[in-house]
Structures are given as C-alpha cells and as structure tokens.
Amino acid sequence: MSELLSFKGVNAGYGAAHVLHDMNLSVRQGEKVALIGRNGVGKTTVVNTLLGLASLRSGDIRLGQRQPRRLRPYMAANNGIMVVPQGRRIVPNLTVEENLMLGAAVGRAGPWRLDSLYRLFPILRERAHTPGTAMSGGQQQMLAIGRAMMANPELIVLDEPTEGLAPVIVDQLAEILNQLAEQGTSLLLIEQNLSLVGRVAERYYALSKGSVVAEGKVRQDHIMELQQHVVV
Ligand SMILES: Nc1ncnc2c1ncn2[C@@H]1O[C@H](COP(=O)(O)OP(=O)(O)OP(=O)(O)O)[C@@H](O)[C@H]1O
C-alpha cells in the first residue's frame, strides 16, 4: 500500500521553540491511524508542520507522492490530504452549504458532492441554508468533516475532533469515521479520547515532548494500556 503521508526524522517548531524532535510517522492507503498524547506534547504542531505553518528544520515530509521543498497550506489539499482543524474553524457568516463548498473549491472531483454528502449527513441538508456557526458543537464537527470530504481527499487528518462533544455525539462520530474509512478514505486521528481511538483506529503513535515514545496496534480489549500516554 502506498504511503499517503510520512514524516521522517522531522524536527520542527516555532521561532526559538523546538517542538518536534526526530519524529517519524506514516499513514498508508486504507489505514486508520491514531496519534495520541497529552496536552502540549506537539500534536497540533504535527498538523501545523505538514501545512507549513510551523517551520520544518530538518527531516523529510512526504505528502502523497510529493516531497515539497517548502511546505505551504494549500499543498496538502493538492496532494489528497485534508485537515479538520482543532476547534473546527467553521467560517462565520457563511451558510452550512457555503462552508461545504469551500472544501470542494480546494479539492478535486470525486464521489463526494453535495448530494452524496447530504445522504451521509442528513442534518447538514436540513440546515443547509442556515449559518454554519449557528449549529451545535456536534453538528459543526460534522460540517467540518463534511467540508473536508467535499475535497475528495485520500487522507483526512482530524485534530481532536471530540473536544467539547457529549459522549452520545462521540458515538455518532465513531460511526461516521468508520463509514468514511469503509468507503476508502484513510484517517489520521489526533485524539486524547481513547474511547474514539479504540473504536476507530487500528494503529497508534504516542507522542511525548515532541517525540514518538510508543507505537503499535490498537487492541480494543487493551485500550486502557494507552491511558498512560494521555492522562497527566
Ligand atoms: N505558535 C506557537 N509559537 C510558539 N510555541 C507554540 C506555538 N504553538 C504551540 N506552541 C508550543 O508548542 C508546544 C506544543 O503545542 P501543540 O499545540 O502542538 O500541542 P498539542 O499536543 O496539540 O496540545 P493540545 O492538546 O493542548 O492542543 C507547546 O509547548 C506550545 O506552547
């Protein structure tokens, strides 16, 4: 299976702050991978580095088949990778449908269009013409995922999608992510919520102080063994 994203020996940070240390990570086609770790260990910096928002000091990052010399925010989408950012970043003043069309604008043609997406998320069809930010947190998370899907990516990177969501919504999110994966989208799930990780991911990396300190298969019956990596 081909690699959709890889970090090899990556050192990255912001100005004088060196956050990621010799980091290695990869996601291949068809995989559901989790990146777990406590607050402040550098999870969002992984996203920022692949988008070119944190500076890559050394090491290699491949986006799909490409290894750009200088990363820029649009390159991930051009290479089949969409990010669902922490905090969702629904654009205020745009309707649900207009937010979805932003995803279509940066991506490529494929099976995900408004009609197919509305079948997966009926609530987004119901609320299509209301402001995106007028919806509940859970609905906004579905919108953020839907917006990413509209770009027809091969890989979706989700940065703490359960933040602020009620357990019943986390259950719905697990179902949605598994459906997307069944339909061929690979996932990199950045999470501290082990219940979601256990239900979705097959493989994990644990991050501590900007380095991968453990990795392996996710075993649902031993999911609590991963708790040491997310609980302070
Ligand atoms: N723009 C920035 N400039 C300087 N330092 C930053 C910046 N953004 C994050 N950091 C620092 O980088 C480190 C890693 O932060 P990061 O947001 O990647 O962690 P995280 O694991 O995603 O945490 P959380 O779960 O709280 O989102 C922290 O020490 C943070 O203070």
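Report on the accompanying structure. (Residues numbered from 1 in each chain as written. Predicted model: local features only at pLDDT ≥ 70, side-chain atom pairs only at ≥ 80, totals over all residues.)

**Quick word on the site of the ligand**
The condition that has to hold: For each residue, a C-beta atom is placed from the backbone, and the residue counts as near a molecule or strand when that atom lies within 6 Å of it. Strands are runs of DSSP state E lasting at least 2 residues, helices are runs of H or I lasting at least 4, and numbering of each runs from the N terminus. Residue polarity is assigned by list, with Asp, Glu, Lys and Arg as charged and Ala, Val, Leu, Ile, Met, Phe, Trp, Tyr, Cys and Pro as nonpolar; anything else, Gly included, falls into the polar class.
The environment of the ligand is formed by Tyr14, Ala17, Val19, Gly37, Asn39, Gly40, Val41, Gly42, Lys43, Thr44, Thr45 and Gln86. Of all the secondary structure elements, the ones that give two or more residues to the shell around the ligand are strand E2 (17-28) and helix H1 (43-50). Here the residues of the shell around the ligand sort into 4 nonpolar, 7 polar and 1 charged.

**Digging into unusual backbone geometry**
The phi dihedral of Asp22 is positive, around 45°, even though this residue is not glycine. On the secondary structure map, Asp22 appears in strand E2. Positioned with a positive phi, Asn93 is a non-glycine residue whose angle comes to about 75°. If you trace the backbone, Asn93 turns up in the loop between strand E5 (81-84) and helix H3 (96-106).

**Details of the packing of H3 against helix H6 (residues 137-149)**
Here is the rule we go by: Orientation is described by axes fitted as lines to C-alpha atoms, over the contacting stretch for helices, and by angles from 0 to 180 degrees between their N-to-C directions. For classification, angles of less than 35 degrees are called roughly parallel, those exceeding 145 degrees roughly antiparallel, those between 65 and 115 degrees roughly perpendicular, and all remaining angles oblique. Crossings are sorted by hand: turned counterclockwise from the far helix by less than a right angle, the near helix makes the crossing left-handed, and turned clockwise it makes it right-handed. Distance between backbone-placed C-beta atoms decides contact: two residues are in contact if it is within 7 Å.
Between H3 and H6, the shortest axis-to-axis distance is 6 Å and the interhelical angle comes to 40°. One finds that H3 runs oblique with respect to H6. You can see that H3 and H6 cross each other, and the crossing is right-handed. Of the residues in H6, those touching H3 at Val96, Asn99, Leu100, Leu102 and Gly103 are Leu143, Gly146, Arg147, Ala148 and Met149. For the contact of H3 with H6, the per-class residue count stands at 6 nonpolar, 3 polar and 1 charged.

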